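A look at the structure
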Protein chains: 2
Amino acid sequence: MTRILYTLCGADESRPFSPHCWKVVLALHHKGLDFIEKPTPFTQIPALEDSFSKTVPILRDGNELVRDSFDIALYLEEKYPDRPTLFGGEGGKALSRFVERFSQNIVHPAVAGIAIADIHDMLGETDQVYFRSSREKALGKTLEEMRAGREDAVVAFAAKLEPVRQTLRYQEFLGGDGPLYADYILFGALQWMRVTAGAKVFTADDPVGLWFERCLDLYNGAGRSVTAA
Amino acid sequence: MTRILYTLCGADESRPFSPHCWKVVLALHHKGLDFIEKPTPFTQIPALEDSFSKTVPILRDGNELVRDSFDIALYLEEKYPDRPTLFGGEGGKALSRFVERFSQNIVHPAVAGIAIADIHDMLGETDQVYFRSSREKALGKTLEEMRAGREDAVVAFAAKLEPVRQTLRYQEFLGGDGPLYADYILFGALQWMRVTAGAKVFTADDPVGLWFERCLDLYNGAGRSVTAA
């Protein structure tokens with residue numbers, strides 16, 4: 001059976017960086033499912049799989065196509081119930097959505113504040129035009145203005161993870177003794193920054209940084225296989 | 001069997017307001033367990049149950065004594081596994097800790113910014129002395145300085161709940177179709193503000209405010225039975 005995960009890349013295919021795609025990469029490893037990753041530039045995504053989706057990740061699982069990272073995780077949990085669970089039950093499924101919304105609302109803007117101009121610089125020329133136009137409109141700032149705020153954004157970053165830091169007083173992973181999809185959600189955001197900007201945002205003994213290192217080690221270092229910027 | 005929940009009150013016993021105690025009140029209702037609530041002023045807590053704990057909630061469940069709201073919830077889940085689940089599995093248990101840390105780190109300071117002087121005013125004289133001294137030291141501000149910032153704190157409040165608001169796009173409760181302990185965690189914080197300050201922090205159509213109203217209705221209006229300040 002052919003299992004393909006379409007992900008996002010810039011000019012260099014070997015450095016996929018999308019937070020949402022990284023969530024699914026680790027979710028597939030978690031389930032022990034083989035897959036072929038096909039990193040795709042922004043402007044080529046709409047043509048994939050007969051225009052199935054404007055965004056990645058897209059999972060082709062044999063004859064089935066699924067889009068959206070959370071929906072893919074739900075699909076995998078339902079389709080492969082005998083593999084290790086991504087949610088640890090219905091309560092974990094519901095609360096993973098809250099972790100997603102925390103990451104999207106608090107962590108993603110913080111990453112963008114650091115990495116947005118670096119992301120632009122990683123793209124091919126066609127993608128750069130699309131990216132500058134769409135992001136400057138969304139942010140209400142030029143990429144150059146965002147770049148000028150980078151150092152302040154680096155300094156402010158770690159404090160935004162305080163609820164995560166406090167959770168790690170009680171357990172090794174957000175999911176408990178081992179990682180669940182909730183960990184991959186947050187991992188995706190930090191891996192996005194690591195691959196695109198490589199900014200040092202945590203002190204050496206920060207529990208969040210140490211948790212991120214544990215996540216980079218998972219599944220034979222799947223996350224670590226793409227080096228930091 | 002005698003089941004007693006010691007909670008916190010000011011000069012008026014009929015208006016218990018502690019966020020941590022309200023979490024447990026709803027958790028006991030969720031499990032369908034009868035209990036007697038004994039609201040206790042701050043400075044009388046250390047004498048309860050042979051000085052078992054410096055803080056409430058304290059649960060006496062027959063011969064067992066348990067302190068700390070999260071530990072009480074875990075205890076109830078283990079002790080009464082055949083009653084409705086508070087966590088919806090191990091994943092929900094682990095991620096409820098993240099919700100607790102979000103509430104403690106983001107929501108509690110926001111409530112304190114609105115309600116701290118109002119809480120002081122609800123206390124008996126002996127408690128007022130203790131409360132002013134301990135809180136002014138912890139906050140690095142006088143209660144009068146906190147009161148002066150009240151209106152700004154009211155205006156800033158709703159935005160801090162954005163990850164919750166976005167989660168409610170997908171489901172009726174944080175716990176999914178129905179409430180779980182994670183809902184009671186956040187309910188506790190908002191009920192604390194409702195009973196002590198009564199500030200109007202949500203617009204009429206705010207999904208977070210509507211969710212809070214749903215929580216007030218639970219268990220024959222257990223939360224609503226104490227009127228807003």
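Residues numbered from 1 in each chain as written. Chains lettered and ligands numbered in written order. Predicted model: local features only at pLDDT ≥ 70, side-chain atom pairs only at ≥ 80, totals over all residues. Heavy atoms only, no water.

1. Here we look at the overall build of chain A
- The secondary structure content of chain A amounts to nine helices and four strands.
- Moving toward the C terminus, one meets the helices and strands of chain A in the order β-α-β-β-β-α-α-α-α-α-α-α-α.
- The C-alpha radius of gyration of chain A comes to 17 Å, within 12% of the 17 Å expected for a compact globule of 229 residues.
- Along the first, second and third principal axes, the C-alpha atoms of chain A reach 50 × 45 × 30 Å.
- Considering only intrachain contacts with a sequence separation of at least 6, the fraction spanning at least 24 residues in chain A is 69%.
- Put simply, chain A shows about 9800 Å² of open surface, and 50% of that area lies on carbon and sulfur atoms. (Helix = DSSP H or I, 4+ residues; strand = E, 2+ residues; numbered from the N terminus. Rg over C-alpha atoms; globule rule 2.2 N^0.38 Å. Contact = heavy atoms within 4.5 Å. Areas by Shrake-Rupley, 256 points an atom, 1.4 Å probe, with all protein chains shown as cover.)

2. Overview of the domain arrangement of chain A
Residue and element names in this part refer to chain A.
- According to the domain assignment, chain A contains domain 1 (3–79) and domain 2 (90–221).
- Each of domain 1 and domain 2 was reduced to a C-alpha centroid, and the two centroids are 19 Å apart.
- The partner domain 2 presents 29 residues to the 22 residues of domain 1 that form the contact.
- Taking both sides of the interface into account, the surface hidden between domain 1 and domain 2 amounts to around 2300 Å²; carbon and sulfur atoms contribute 71%.
- Taken together, domain 1 and domain 2 are joined by zero salt bridges.
- Between the two partners, domain 1 and domain 2, sit seven residue pairs in polar contact (both at pLDDT 80 or more).
- Secondary-structure elements contributing two or more residues to the side of domain 1 that touches domain 2 are helix H1 (19–30) and helix H2 (69–79). (Domains from an automatic or database assignment. Buried area = accessible area lost by both parts, 1.4 Å probe. Salt bridge = Lys/Arg side-chain N within 4 Å of Asp/Glu carboxyl O. Polar contact = N/O pair within 3.5 Å; in protein donor to acceptor, adjacent residues only side chain to side chain.)

3. Overview of the sheet that holds strand E2 (residues 36–40) of chain A
Residue and element names in this part refer to chain A.
- Reading across from one edge, E2-E1-E3-E4 is the order of the four strands in this open sheet, with mixed pairing throughout. Either end of the sheet is taken by a strand with one partner, and the two such strands are E2 and strand E4 (64–67). Between one strand and the next, the sheet's axes are offset by a mean angle of 20°, whatever the strand orientation.
- Strand direction decides the pairing type here: strand E1 (residues 3–8) and strand E3 (residues 58–61), joined by four bridges, are antiparallel. Across the sheet, the residue bridging to Ile-4 is Arg-60, located in E3.
- In this fold H1 packs onto E1, E2 and E3, with an angle of close to 150° to the strand it touches most, E1.
- Strand contacts of H2: E3 and E4, with the helix running at about 135° to E4, the strand carrying the most contacts. (Pairing = 2+ DSSP bridges. Axes fitted to C-alpha atoms, helices over the stretch in contact; angles between N-to-C directions.)

4. Examining the nonpolar core
- Formed by 155 residues in total, the largest nonpolar core has its most connected members in Leu-76, Phe-157 and Trp-211 of chain A together with Leu-76, Phe-157 and Trp-211 of chain B.
- For Phe-157 of chain B, the contacting residues outside a window of four places in its chain are Val-107, Ala-110, Val-111, Ile-114, Leu-190, Met-193, Val-201 and Phe-202 of chain B. (Core = buried A, V, L, I, M, F, W, Y, C linked by side-chain atoms within 4.5 Å. Buried < 20%, exposed > 50% of the residue type's maximum accessible area, 1.4 Å probe, protein only.)

5. Quick notes on the interface of chain A and chain B
- At the interface, 30 residues of chain A touch 30 residues of chain B.
- Of the roughly 2300 Å² buried between chain A and chain B, counting both surfaces, carbon and sulfur atoms make up 69%.
- When the area that chain A buries against chain B is broken down by residue, the three leading residues are Leu-95, Phe-98 and Arg-101 of chain A, summing to 30%.
- For the pair chain A and chain B, the number of links is zero salt bridges.
- Summed over the shared surface of chain A and chain B, the number is eight residue pairs in polar contact (both at pLDDT 80 or more).
- Elements represented by at least two residues in the side of chain A that touches chain B include exactly helix H3 (90–122) and helix H7 (162–167) of chain A.
- By residue number, the principal contributor to the side of chain A that touches chain B is H3 of chain A, which donates 14 residues.
- For the side of chain A that touches chain B, the per-class residue count stands at 13 nonpolar, 11 polar and six charged. (Nonpolar A, V, L, I, M, F, W, Y, C, P; charged D, E, K, R; others polar.)

6. Some thoughts on the state of the cysteines
- Considering all chains together, one arrives at zero disulfides over all chains under this definition.
- Cysteine Cys-9 of chain A shares no disulfide, and the gap to the nearest cysteine sulfur, in Cys-21 of chain A, comes to 9.8 Å. (Disulfide = S-S within 2.5 Å.)

7. Focus on helix H3 (residues 90–122) of chain B
Residue and element names in this part refer to chain B.
- Helix length check: H3 (33 residues) gives 39 Å between terminal C-alpha atoms against 48 Å at 1.5 Å per residue, more than 12% under.
- At Ala-115, H3 shows its maximal kink, close to 60°.
- The buried fraction of H3 is high, at 26 of 33 residues. (Expected span 1.5 Å × (residues − 1). Bend = angle between axes of the 7 residues up to and from the residue.)

8. Notes on the pattern of salt bridges
- Counted according to the given criterion, the structure contains 34 salt bridges over all chains.
- Residues Glu-64 of chain A and Lys-79 of chain A are paired through a salt bridge, measuring 3.0 Å at the closest nitrogen-oxygen approach. Here Glu-64 of chain A is found in strand E4, whereas its partner Lys-79 of chain A is found in helix H2, with 15 residues between them in sequence.
- The exposure class assigned to Glu-64 of chain A is partly exposed, which follows from its relative accessible area of 35%.
- On the basis of relative accessible area, Lys-79 of chain A is assigned to the partly exposed category, the value being 40%.
- Taking the shortest distance from any N to any O, the salt bridge between Arg-147 of chain B and Asp-121 of chain B comes out at 3.1 Å. With Arg-147 of chain B in helix H5 (residues 143–148) and Asp-121 of chain B in helix H3, this pair connects stretches of sequence that are 26 residues apart.
- According to the relative accessible area criterion, Arg-147 of chain B is partly exposed, its value standing at 40%.

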